Amino acid sequence: ELQYLKGKAHLGAGEAGKADVVFQEFAVANKENKDYWLPHAMYGRGQASLDLGRGNSARTHFQGLAPFGPTWVLRAKLGEAQGLFLAKKYVEARSKFNEVANNRKTPPSLKGAAVVGRIDVIVSQKQYDTAVSELEKNFFSGSVGQGLDYGKSRARATYLMGVCHK
């Protein structure tokens, strides 16, 4: 567990290269005994790869999460969508983000990340009016906006709203 937390600390500190090495060591050492932290470390490797700009590598790491259950499948799809977005494959990224956002079993935190990821793609395609409409609908008005937490997704949505208005 300490090895996994060390990787997470490196990732949080912006040291994606170090995090990737630590997560890889953890995964190799614990693959056979299917340690509880194994999918977390695999997901961490995917996130580190995204931070390093390695979209294809990230997608490979995320695809390895499928055997760990439905929530990990959703996290894997979200990670794949982020990798596709990084690779500027906007149509495919939007589709993956939609798969996660529209799944009824998606936990609220993943749903928020998927919705803001999809909107990030829309902004990248310079469809600002559509993005503002989506941001209003999903984050800033009505009952839907009230149910979301003020976490990373909401912060990103606020930033994107500023980009659109600029």
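None of these values were measured; they are calculated from a predicted model.

What counts and what doesn't
- Residues numbered from 1 in each chain as written.
- Predicted model: local features only at pLDDT ≥ 70, side-chain atom pairs only at ≥ 80, totals over all residues.
- Heavy atoms only, no water.
- Helix = DSSP H or I, 4+ residues; strand = E, 2+ residues; numbered from the N terminus.
- Rg over C-alpha atoms; globule rule 2.2 N^0.38 Å.
- Buried < 20%, exposed > 50% of the residue type's maximum accessible area, 1.4 Å probe, protein only.
- Contact = heavy atoms within 4.5 Å.
- Areas by Shrake-Rupley, 256 points an atom, 1.4 Å probe, with all protein chains shown as cover.
- Expected span 1.5 Å × (residues − 1).
- Core = buried A, V, L, I, M, F, W, Y, C linked by side-chain atoms within 4.5 Å.

A.B. asks: A description of the overall build of the protein should follow, citing residues and the corresponding values.
C.D. replies: When helices and strands are counted, the protein shows 10 helices and zero strands. If you list the helices and strands of the protein from N to C, you get α-α-α-α-α-α-α-α-α-α. The C-alpha radius of gyration of the protein comes to 16 Å, within 12% of the 15 Å expected for a compact globule of 166 residues. Oriented by its inertia axes, the alpha-carbon framework of the protein measures out at about 50 × 30 × 25 Å. Taking all 166 residues of the protein together, the buried fraction comes to 43%. Sequence-distant contacts in the protein: of pairs separated by 6 or more residues, those separated by 24 or more amount to 45%. Accessible surface, the protein as shown: approximately 9200 Å² in total, 52% of it carbon and sulfur.

A.B. asks: Lay out helix α3 (residues 38-51) in plain terms, naming residues and giving numbers.
C.D. replies: Spanning 14 residues, α3 covers 20 Å between terminal C-alpha atoms, matching the ideal 20 Å at 1.5 Å per step. Of all 14 residues making up α3, 13 are buried, and the element is well covered by its neighbours. Just beyond α3, the residue with positive phi is G53, at close to 80°.

A.B. asks: Break down the nonpolar core for me, with residues and values.
C.D. replies: Ranked by internal contacts, the top residues of the largest apolar core, which has 25 residues, are L78, I119, L135 and F139. Looking at this core, the elements that each hand over two or more residues are α5 (70-86), α6 (90-101), α7 (108-124), α8 (128-140) and α10 (152-165). Dropping the residues within four chain positions of it, L135 is found in contact with I119, F140, A157, L160 and M161. With 10 residues, the next largest nonpolar core counts A27, F62, L65 and A76 among its residues.

Note that every value here comes from positions in space, so none of it alone points to a role or purpose.
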